Amino acid sequence: MSGQTFNTWDAHAQYLGQVMDGLPDGRTGDNTSYAMKDIGLGAFSVFFTQSPSFLAHQKTMEQSKGQSNAQSLFHLDKIPSDNHIRDMLDPVPPQELFACYDAVLESLRQAAHLESWRVLQNNLLIALDGTWYHSSGKIHCPNCSCLEHKSGDKTYYHSAVTPVIVAPGHDQAIPLRPEFVLPQDGHAKQDCEIAAGKRWLEKNAAQYAPLRAILLGDDIYSRQPFCRRTLLHDFHFIFVCKPESHTTLYNWVNLLQRPTLGMLKMRVKVRAHFHTYTYRYANHVPLAEGEDAMKVNWVEVTVTDQEDQIVYRNGFVPDLKITDQNVAALVAAGRARWKIENENNNTLKTKGYHLEHNFGHGKEHLSSLLAAMNILAFLYHTFLSFTDEPYRLIRAALPTRKTFFDDLRALTRYMLFANWDALMDFMMQGLEIGSFAKPP
């Protein structure tokens, strides 16, 4: 894996401007008063600042001060209107932004920030999951999916597979290129999460497989066709495997006894109490019926509390061989899949990014492009938490993520900052932290 590497937000912002400058532009003649760079960066700045009114405020500032934070922080030349932004971006597919996703990941990789995330013989965990980012009973476009209810009502929605790098013990997630659920040429059947997951494998294996990656996913991914494709594209996998959807496998393992069936018990301290982890596992068992059934490995974990009550139980099918020595780490890796819900999807929906809000639907790609910008903004914020010491100190000093972005919105509305570092310095000075901390 190789590509553009930048160590600061300002460098990434300038590269983002280059990418935006290359967005497809269908205009002809002289109707080009706003460059595609300004149009793209204008839209992105709203997600980065988590401020729907950011551009309106910066226009007011430009009129009074002759310059605005849109120019100094995001390198816009001219500030377009919201409607013009939506009209111009509607034909632009979200894949146009993927180079920016790649640049952030490469920057983190080259700075060795990913090394502490590696598990199970130096592998990274990539969790796959689908999530909705728009739904409406009325607003829809040709790229919408449709859910028909028994009442006859319809729900139109957009969704995407949003892969992220996760790891046990890390309370963050690193977003990767998404794959959007969209009608596919030549397919009469409505697109779905698993079909989008297969496309993600085909399009991105060359980008991510060299990272030495294990794919994580819920039960819909642990079907034979997807498991075969995962191996074909040089990934490992640990997928959830439920008894009701894998009757052949569970009928097989329920007949096994030691030593073919491995068993291990461990006591683990959870807060002030001990829980008992009971592992059952077997290697080289059939995933489905038939002589050509794929052989996988299987593990089940049952967690009981101090009163012997079950608090968690789940099964997984990995392609990695299971032993007494690695079974606990392997299950911990499989359980890290839930972080895609907690640290990624829920953050995007409830922590100020408002992923499910209709920022603009359009008739072609606008909804998916704006979702890709929103996820990219989250990725840049994650990058800053790794690489920008002032940003990290400020976030740690403030009580919540919301407080930080509330302050960011207020400051950039009323004050002009020469660059990102000047903004961070001002906030540190006000909080008396970092280089502005008062001596004891």
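Residues numbered from 1 in each chain as written. Predicted model: local features only at pLDDT ≥ 70, side-chain atom pairs only at ≥ 80, totals over all residues. Heavy atoms only, no water.

## Some words on the overall build of the protein
Argument step 1. Broken down by element type, the protein carries 15 helices and 13 strands.
Argument step 2. When its C-alpha atoms are laid out on the principal axes, the protein stretches across 80 × 65 × 45 Å.
Argument step 3. Counting all 440 residues of the protein, 52% fall into the buried class.
Argument step 4. About 20500 Å² of surface is accessible on the protein, with carbon and sulfur atoms providing 49% of the total.
Argument step 5. Between the mean site of the 43 positive side-chain charges and the mean site of the 47 negative ones, the protein shows a separation of 5 Å. (Helix = DSSP H or I, 4+ residues; strand = E, 2+ residues; numbered from the N terminus. Buried < 20%, exposed > 50% of the residue type's maximum accessible area, 1.4 Å probe, protein only. Areas by Shrake-Rupley, 256 points an atom, 1.4 Å probe, with all protein chains shown as cover. Lys, Arg positive; Asp, Glu negative; His and termini not counted. Charge placed at Lys NZ, Arg CZ, Asp CG, Glu CD.)

## Things to note about unusual backbone geometry
Argument step 1. In this structure, Pro 259 follows Arg 258 across a cis peptide bond, with omega equal to 0°.
Argument step 2. Tracing the chain through its elements places Pro 259 in the loop between helix 9 (247-253) and strand 10 (262-270).
Argument step 3. Of note, the phi angle at His 284 is positive, near 60°, even though the residue is not glycine.
Argument step 4. In this structure, His 284 sits in strand 11 (residues 273-286).

## Let's talk about the packing of aromatic side chains
Argument step 1. Taken as a whole and assessed by the stated rule, the structure comprises 27 aromatic pairs.
Argument step 2. Between Phe 6 and Tyr 15, the aromatic rings sit 5.1 Å apart at their centres with planes inclined by 35°, giving tilted as the arrangement. The burial state of Phe 6 is the same as that of Tyr 15; both residues are buried.
Argument step 3. Here Trp 9 and Phe 48 contribute two aromatic rings whose centre-to-centre distance is 4.4 Å and whose plane-to-plane angle is 15°, an arrangement assigned as stacked. (Phe/Tyr/Trp six-rings, centres within 6.5 Å; stacked < 30°, edge-to-face > 60°.)

## Things to note about helix 1 (residues 9-21)
Argument step 1. Taking 1.5 Å per residue, 13 residues should reach 18 Å; helix 1 reaches 18 Å between its end C-alpha atoms and fits that length.
Argument step 2. Taken together, the buried positions of helix 1 are Trp 9, His 12, Ala 13, Tyr 15, Leu 16, Gly 17, Val 19 and Met 20.
Argument step 3. Where helix 1 is buried, its residues touch helix 2 (36-49), helix 4 (69-74), helix 6 (98-110), helix 12 (366-387) and helix 15 (420-431). (Expected span 1.5 Å × (residues − 1). Contact = heavy atoms within 4.5 Å.)

## Quick word on a nonpolar patch on the surface
Argument step 1. Together, Tyr 414, Met 415 and Phe 426 make up an exposed nonpolar region whose accessible area comes to about 300 Å².
Argument step 2. Take Phe 426: it is sitting in helix 15.
Argument step 3. Classification of Phe 426 by relative accessible area gives partly exposed; the value is 34%. (Patch = residues over 30% accessible without salt bridge, like charges linked within 9 Å, V, L, I, M, F, W, Y side chains within 5 Å. Salt bridge = Lys/Arg side-chain N within 4 Å of Asp/Glu carboxyl O.)

## Structural notes on helix 11 (residues 339-350)
An α-helix turns once per 3.6 residues; consequently, residues spaced three or four apart project the same way.
Argument step 1. Lys 339, Ile 340, Glu 343, Asn 344, Asn 345, Thr 347 and Leu 348 are the residues of helix 11 that are buried. Here the buried residues of helix 11 occupy an arc of 155° about the axis, which is enough to place them on one side.
Argument step 2. Where helix 11 is buried, its residues touch strand 1 (124-127), strand 2 (130-136), strand 5 (164-166), strand 6 (174-175), helix 12 and helix 14 (401-414).
Argument step 3. Positioned one or two residues after helix 11, Gly 352 has a phi angle of 105°, which is positive. (Arc of directions from axis to C-beta.)

## Quick look at the packing of helix 7 (residues 193-208) against helix 8 (residues 224-232)
Argument step 1. Relative to each other, helix 7 and helix 8 sit at 10°, their axes nearing to 10 Å. Taken together, the axes of helix 7 and helix 8 are roughly parallel relative to one another. For helix 7 against helix 8, the interelement crossing comes out left-handed. Between helix 7 and helix 8, the residues in contact are Ile 194, Gly 197, Lys 198, Leu 201 and Glu 202 and Pro 225, Phe 226, Arg 229 and Thr 230, respectively.
Argument step 2. Looking at the contact of helix 7 with helix 8 residue by residue, the class counts come to four nonpolar, two polar and three charged. (Axes fitted to C-alpha atoms, helices over the stretch in contact; angles between N-to-C directions. Parallel < 35°, antiparallel > 145°, perpendicular 65-115°, else oblique. Left-handed = near helix turned anticlockwise from the far one by under 90°. Nonpolar A, V, L, I, M, F, W, Y, C, P; charged D, E, K, R; others polar.)

## Notes on the pattern of salt bridges
Argument step 1. Counted under the stated rule, the structure contains 14 salt bridges.
Argument step 2. In this structure, the salt-bridge partner of Glu 179 is Lys 203, at a minimum N-O distance of 3.1 Å. Of the two residues, Glu 179 is situated in strand 7 (residues 179-181) and Lys 203 in helix 7; the sequence distance between them amounts to 24 residues.
Argument step 3. Assessed through its relative accessible area of 46%, Lys 203 is described here as partly exposed.
Argument step 4. Across the pair Arg 223 and Asp 219 runs a salt bridge, and its minimum N-O distance is 3.0 Å.
Argument step 5. Its relative accessible area of 33% is what places Arg 223 among the partly exposed residues.
Argument step 6. Overlapping salt bridges, with partners in common, bring together Glu 179, Asp 191, Arg 199 and Lys 203 in one network.

## Description of the sheet that holds strand 9 (residues 236-240)
Strand pairing in a sheet takes place through backbone hydrogen bonds and is either antiparallel or parallel in direction.
Argument step 1. Read from one edge to the other, the open sheet built from nine strands follows the order 6-5-1-8-9-13-12-11-10, with strand pairing classed as mixed. One side of each edge strand has no neighbouring strand; the edge strands of this open sheet are strand 6 and strand 10. (Pairing = 2+ DSSP bridges.)

## Some thoughts on the confidence of the model for the protein
Argument step 1. Chain-level statistics for the protein give a pLDDT mean of 92 and a share of 98% at 70 or above.
Argument step 2. Of all the helices and strands in the protein, helix 11 carries the lowest mean pLDDT, 81, while strand 9 carries the highest, 98. (pLDDT = per-residue confidence, 0-100.)

## Section: the nonpolar core
Argument step 1. Formed by 111 residues in total, the largest nonpolar core has its most connected members in Phe 44, Leu 89, Leu 249 and Met 373.
Argument step 2. Per-element accounting of this core gives the leading share, 15 residues, to helix 12. (Core = buried A, V, L, I, M, F, W, Y, C linked by side-chain atoms within 4.5 Å.)

## A few points about the packing of helix 11 against helix 12
Packed helices, taken two at a time, are described by their axes: the angle between them and the distance between them.
Argument step 1. Running from N to C, helix 11 and helix 12 point in directions that differ by 120°, and their axes come no closer than 11 Å. Taken together, the axis directions place helix 11 and helix 12 in an arrangement best described as oblique. In the packing of helix 11 onto helix 12, the handedness of the crossing is right-handed. For the pair helix 11 and helix 12, the contacting residues are Glu 343, Asn 344, Thr 347 and Leu 348 in the first and Asn 374, Ile 375 and Phe 378 in the second.
Argument step 2. Of the residues that constitute the contact of helix 11 with helix 12, the class distribution is three nonpolar, three polar and one charged.

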